[in-house]
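Spelled out from the first residue to the last, the chains are:
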Amino acid sequence: MSGSAAGSTPTGQWRPAARLTVLLDEDDKWRHTPLYHEIVRRARDTGLAGASVWRGIEGYGSSSRIHTTRLLDIADHLPLVLMFVDELDRLRAFVEQNAELFTSINTTLAPVELWQGAAR
């Protein structure tokens, strides 16, 4: 069955896009400010479609040391996830133009499909 009934107005469509995912620690810094804040600020200034930052409750990186909110003595260094969705070329160019921010963090770029709802 198709996404819309015969004779009805389409409610939207899928279009190709890309998702940039950045994994880092909340204590990563860029010139005395949080690294995640600098990345988000530059993304906005570049005109990327949007950004979201999520703070994790548990995780580990190359050290294999688990960081968690469950133990008060190690409730720091928690993982953060930054996510951006835009056109593939725009995201790739953003990372390349700001390469100094991405030297020691995990950064992935993956194709996705973006649902674009019909204008109201």
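Residues numbered from 1 in each chain as written. Predicted model: local features only at pLDDT ≥ 70, side-chain atom pairs only at ≥ 80, totals over all residues. Heavy atoms only, no water.

1. Examining the pattern of salt bridges
Within the structure shown, the criterion is met by seven salt bridges. The shortest N-O distance in the salt bridge between E38 and R42 comes to 2.8 Å. Linking E38 with R42, this pair stays in helix α1 (residues 35-46), spanning four residues, or about one helical turn. Note on accessibility: E38 and R42 belong to one class, buried. Salt-bridge contacts for D45 lead to R44; the nearest nitrogen and oxygen are separated by 2.9 Å. With relative accessibility at 47%, the residue D45 sits in the partly exposed group. Salt bridges here are not isolated pairs; linked through shared partners, they connect E38, R41, R42, R44, D45 and E100. (Salt bridge = Lys/Arg side-chain N within 4 Å of Asp/Glu carboxyl O. Helix = DSSP H or I, 4+ residues; strand = E, 2+ residues; numbered from the N terminus. Buried < 20%, exposed > 50% of the residue type's maximum accessible area, 1.4 Å probe, protein only.)

2. Structural notes on the pairing of strand β1 (residues 12-25)
Where β1 lies against strand β8 (residues 106-117), 12 bridges are found, and the strand directions are antiparallel. Its bridge partner being in β8, V22 is matched across the sheet by T107. Summarising the sheet, β1 and strand β7 (residues 79-86) pair through eight bridges and their orientation is antiparallel. Bridge pairing in β7 places L20 opposite F84. (Pairing = 2+ DSSP bridges.)

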